[in-house]
Amino acid sequence: MNIRLLAKRNIQGNAQRYLAYFFSIVLSVSIFFIYASFIFHPDVVHANIPGGQLISMGLIAAEIVIIIFSVFFIAYSNAAFIQPRKKEFGLLTLLGMSKSQLRKLIYLEQTIVSLISILIGVGLGFLFSKLFLMAVSWLLAVEQPISFVFVPEAFVYTIVGFILLFQLLSLLSLFHIGNAEVVDLLKDKQKPKKTPFVSKWLIALSAVCLSISYYLAGTMSFNNSYIRVMPILFFVLIGTYFLFSQSIVALCSRLYRKKKSLYGGTNLITQTNLIFNIKDYSRLFFLTSIITAVILTAAGTLFMFSADLKKQGMDNIPQSIGWVENDASIYSVIEPSEVEKILKEDGFKILYEVNMTGVPIIHMLPHMRTGESNEDRSLLISESDYNNAAALRKIDPAKLSGKEALYIFPYGGLDYQFAQKGEKKELHYGKQTIQVTMIGQRNQSIVAPIKSATTLMVIDDRLYHEITADVPLKEMIRVRGYEVKDWEESMETSSKIEKMSNNPAHNQLQTRAPIYQEMKQGSILILFIGLFVCLLFFIVQGSMMYLRVFTNLEDKKIQIHALHRLGLTKKEIRQILSAEIRILFFAPFLIGMIHAIIAYVALSNLLGSNLFVYSAMVIGTYFLFQLLYYQVTKKMYERAVINSLNKSHHM
């Protein structure tokens, strides 16, 4: 028998162990190839597809994520394959195999599996790339579907890239075995497992790190989010690692000391196995809980942003059609009667209209980053005009008296306070200076935030009329707006209004439908791309657990055979196996879910929306997939162990 044949037979003998790993690599290669086919597609390269370059950038980012993730997964899997086979390698060395031959055997096994998975992955990617192009064509709403063509670059980058990746990681994995002595290899599994060391200081560190990360995420706002992201990630990683390597060990040890609980059913065996394997499990728990948190957070963010898009559009663009006239005495941008005529012709019902005049003023505001005072322009309007428009948008009315003023900033996502309660402010109009006392600031728009009407300053009616009594209409600014029913369908109507208007710079008239549809199209594409990556992460995470279960299969068979001889029934054995796999699958899920919930709270604060229903849907869907993966793995594992018991009876 030569080394090639031995490598081939080893792969066949370990087929069950290689199954999940093989499937994960095939999926990684397929997705990478499909994305590369789009990135290097001639129509995308030559910018023949509207929005193609933007999607291409998103796909390049996804490719980088896939490669980084593949590095960690392949390195982990290689270590998982080698560890339980040390005794086998020791016996081969004892029978005369040299270290160079042993390295060659391992290298051949890993190379054969990698080449087969790459070729199948590329083949499946090529088959499904047409479906991907059709889906992207439909999402982009292009007139001519993106043609299915042979893209040589996709084949080269995928095949060469993954072969180099596998070769590098395979060579690195050989050093550990190659330098080990025969005795160490043979006795690796006979080394007694010690009770894991627990440090109270590290448990405290875990609690502090997680508390800090949860506090930072829970209180995150739009203007401090970019500062907090890295510290949150750092504290979550440190806290989660020590949670599994220390806190969970301490909890298990405490449960173990409660002797009464050990005498119920198969608890003694389950808890003892958990305590003595927790050191081996801690790294897996850490990795899979972080992956779970990443999947839930990424999928949840993409889904929530897409689902919440309509509300975001209505919050930031108050009316379906809105515009600003710099001269309130005439209509130079577009006549309201023309807008009403087009809306009526196209069958859109007007729910309400806004017609408001104001005076452009200058005042000082702090810069958001530096805090330095800067000159700013706002539209001065009366309290009654504000309250009338606010009532139409179901916003609480303003209550002002005397020389009080309220500052209106139109974007709800930004919670920076430009105007403080009780602050004295000077408002300048021409040669006039008005002294006012601020009652605060509201971050919500009531009219189209365009040009001079981007920010508003609301004052009491009496004071407003005193200031504007002698101001001619020609020097005032008029803000008009129409809210229509089923505005999402008004793309063509909005286009007609835009074309009819005298708005060459496109900065005085705003229509909601085109902006919303463009954002919706982009978010669906990002969701579409992101979910593929999330699916890959999910499969890989499940594969890591599957590997953990099946790499210890032989040891588990020995333990179960001994327990069965001592009198344990097959039903009790199934309970022990189910409990162990359940802990493997759902302990990391629970921690990952808590991390994701905190991330959802932060996202809700950033978007200014209650995302509870959406987050529950994402977590519920993920849990069902996890439950399905658990059931499949459990059945395969139980069958493998129970079958070995049956065979031992027949012998």
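Note that the structure is predicted; figures quoted are calculated from it, not measured. (Residues numbered from 1 in each chain as written. Predicted model: local features only at pLDDT ≥ 70, side-chain atom pairs only at ≥ 80, totals over all residues. Heavy atoms only, no water.)

Chemist: What's the story with the overall build of the chain in this structure? I'm lost.
Modeler: Counting its regular elements, the chain contains 21 helices and 9 strands. By residue count, 50% of the 651 residues in the chain fall in the buried class. Long-range contacts, defined here as pairs at least 24 residues apart, represent 82% of the contacts in the chain between residues at least 6 apart. Only carbon and sulfur atoms are counted for the fraction: they give 63% of the accessible area of the chain, which is about 32,500 Å². (Helix = DSSP H or I, 4+ residues; strand = E, 2+ residues; numbered from the N terminus. Buried < 20%, exposed > 50% of the residue type's maximum accessible area, 1.4 Å probe, protein only. Contact = heavy atoms within 4.5 Å. Areas by Shrake-Rupley, 256 points an atom, 1.4 Å probe, with all protein chains shown as cover.)

Chemist: Sorry, what's going on with the pattern of salt bridges here?
Modeler: A side chain of one charge can pair with a side chain of the opposite charge if their charged atoms are brought near each other. Across all of its chains, the model carries 7 salt bridges by this definition. Note that Lys-311 is salt-bridged to Asp-315, the shortest N-O span being 2.8 Å. Highlighted residues: Lys-311 and Asp-315, both in helix H13 (residues 309–316), separated by 4 residues, approximately one helical turn. By relative accessible area, Lys-311 is classed as partly exposed at 35%. The class of Asp-315 is partly exposed, set by a relative accessible area of 30%. (Salt bridge = Lys/Arg side-chain N within 4 Å of Asp/Glu carboxyl O.)

Chemist: Help me understand the side chain of His-595, please; the structure alone is not making it clear to me.
Modeler: Relative to the assigned elements, His-595 resides in helix H20 (residues 570–607). With residues up to four places along the chain from it excluded, the contact list for His-595 reads Leu-210, Tyr-214, Val-236, Thr-240 and Ala-293.

Chemist: How do you make sense of the environment of Ile-576 when you look at a structure like this?
Modeler: Take Ile-576: it is sitting in helix H20. By relative accessible area, Ile-576 is classed as buried at 0%. Taking the C-alpha atoms as reference points, Ile-576 and Glu-638, separated by 62 residues in sequence, lie 10.0 Å from one another.

Chemist: So what exactly am I meant to see when it comes to the nonpolar core here?
Modeler: One broad rule of soluble globular proteins: the nonpolar side chains tend to lie buried together. Counting 91 residues, the largest nonpolar core has Tyr-21, Tyr-35, Phe-38, Leu-59, Leu-296, Phe-585 and Tyr-637 as the members making the most contacts within it. Broken down by element, this core gets its largest block of residues, 15 residues, from helix H18 (residues 512–551). Membership of the second largest hydrophobic core comes to 24 residues, among which are Ala-328, Val-359, Phe-409 and Met-457. (Core = buried A, V, L, I, M, F, W, Y, C linked by side-chain atoms within 4.5 Å.)

Chemist: Sorry if this is basic, but what is going on with the pairing of strand E2 (residues 350–366) here?
Modeler: Residues in a regular strand point their side chains to alternate faces of the sheet. Sheet topology places E2 next to strand E8 (residues 477–484); 8 bridges connect them, and they run antiparallel. Pairing of Tyr-352 across the sheet is with Glu-483, part of E8. When E2 meets strand E3 (residues 373–382), the two strands line up antiparallel, connected through 8 bridges. By the bridge assignment for E3, Met-364 is matched with Glu-375. The loop that links E2 with its antiparallel partner E3 comprises 6 residues; one of these, Gly-371, has a positive phi angle of about 85°. (Pairing = 2+ DSSP bridges.)

Chemist: Looking at this structure, I do not really get a nonpolar patch on the surface. What am I missing?
Modeler: A surface patch of nonpolar side chains, amounting to about 650 Å² of accessible area, comprises Ile-116, Ile-120, Leu-124, Leu-127, Phe-128, Leu-131 and Met-134. Relative to the helices and strands, Leu-124 resides in helix H6 (residues 99–140). (Patch = residues over 30% accessible without salt bridge, like charges linked within 9 Å, V, L, I, M, F, W, Y side chains within 5 Å.)

Chemist: How should helix H17 (residues 491–500) be read in this particular structure?
Modeler: Residues spaced three or four apart along an α-helix point in a common direction, a consequence of the helix completing one turn every 3.6 residues. Buried within H17 are the following residues: Thr-493, Ser-494 and Ile-497. Down the axis of H17, the buried side of the element spans an arc of 100°, and every buried residue falls inside it. Exposed and facing more than 90 degrees away from the buried side of H17 are Glu-492 and Lys-499. On its buried face, H17 is in contact with strand E1 (321–325), helix H14 (336–345), strand E9 (509–511) and H18. (Arc of directions from axis to C-beta.)

Chemist: Could you clarify how one ought to interpret the environment of Ala-250 in this entry?
Modeler: Of note, Ala-250 is situated in helix H10 (residues 225–257). Among the residues examined, Ala-250 registers a relative accessible area of 24% and is labelled partly exposed. Separated by 50 residues in the primary sequence, Ala-250 and Lys-200 have C-alpha atoms spaced 8.9 Å apart. With sequence-adjacent residues up to four places away left out, Ala-250 is seen in contact with Val-198 and Ile-203.

Chemist: Honestly, the packing of H13 against H18 in this entry has me stumped. Any pointers?
Modeler: Packed helices, taken two at a time, are described by the angle their axes make and the gap between the axes. At a closest axis distance of 10 Å, the pairing of H13 and H18 adopts a crossing angle of 145°. In the crossing of H13 with H18, the sense of the turn from one axis to the other is right-handed. Taken together, the residues of H18 that come into contact with H13 (itself represented by Leu-309, Lys-310, Gly-313 and Met-314) are Arg-512, Tyr-516, Met-519, Lys-520 and Ser-523. Its residues assigned to classes, the contact of H13 with H18 comprises 4 nonpolar, 2 polar and 3 charged. (Axes fitted to C-alpha atoms, helices over the stretch in contact; angles between N-to-C directions. Left-handed = near helix turned anticlockwise from the far one by under 90°. Nonpolar A, V, L, I, M, F, W, Y, C, P; charged D, E, K, R; others polar.)

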